[in-house]
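Read off the chains here:
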Amino acid sequence: MERFDISVDGRAVPAEPGQTIGAALHAAGVRSWRSTRFGGRPRGLFCGIGVCFDCLVEVNGRPAERACQLEARPGDEVSTS
Ligand code: FES
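Residues numbered from 1 in each chain as written. Predicted model: local features only at pLDDT ≥ 70, side-chain atom pairs only at ≥ 80, totals over all residues. Heavy atoms only, no water.

- If you check an unreviewed UniProt entry, the protein appears there as Putative molibdopterin-dependent oxidoreductase YjgC from Nonomuraea endophytica.

1. Thoughts on the nonpolar core
Piece 1. Within the largest apolar cluster, 17 residues are counted, with the highest numbers of intra-cluster contacts made by Ile 6, Ile 21, Trp 33 and Val 78.
Piece 2. Those residues in contact with Ile 6 that sit more than four places away from it in its chain are Arg 11, Ala 12, Val 13, Ala 15, Ile 21, Ala 24, Ala 72, Arg 73, Asp 76 and Val 78. (Core = buried A, V, L, I, M, F, W, Y, C linked by side-chain atoms within 4.5 Å. Buried < 20%, exposed > 50% of the residue type's maximum accessible area, 1.4 Å probe, protein only. Contact = heavy atoms within 4.5 Å.)

2. Notes on the pairing of strand S5 (residues 56–59)
Within a regular strand, the side chains alternate between the two sheet faces.
Piece 1. Pairing of S5 with strand S6 (residues 62–66) involves 3 bridges; the strand directions are antiparallel. Bridging from a neighbouring strand, Val 59 pairs with Arg 62 of S6. (Pairing = 2+ DSSP bridges. Helix = DSSP H or I, 4+ residues; strand = E, 2+ residues; numbered from the N terminus.)

3. Details of unusual backbone geometry
Piece 1. Of note in the backbone geometry, Asn 60 takes a positive phi value of approximately 50° without being a glycine.
Piece 2. For Ala 64, which is not a glycine, the phi torsion comes out positive at approximately 60°.
Piece 3. Along the polypeptide, Ala 64 turns up in strand S6.

What follows is the structure, given as structure tokens:
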């Protein structure tokens, strides 16, 4: 499979086969997409191994998916809000 795009909040983000959504975001220069409940500090990839839940996104309508664990698929619709 060749490189493909996923949609993140309506923006095309390139992804490589086998790459997680979190890795695709990181490669695109996106370092955070959530904020802490108190203080509004940035959250995104932190542990990268599925433990901290800092990287949650909605994928194809499924809420609370860990971006660091979920492999990107062609046509994925990702929402960070
Ligand atoms: S970065 Fe920690 S669970 Fe995804």
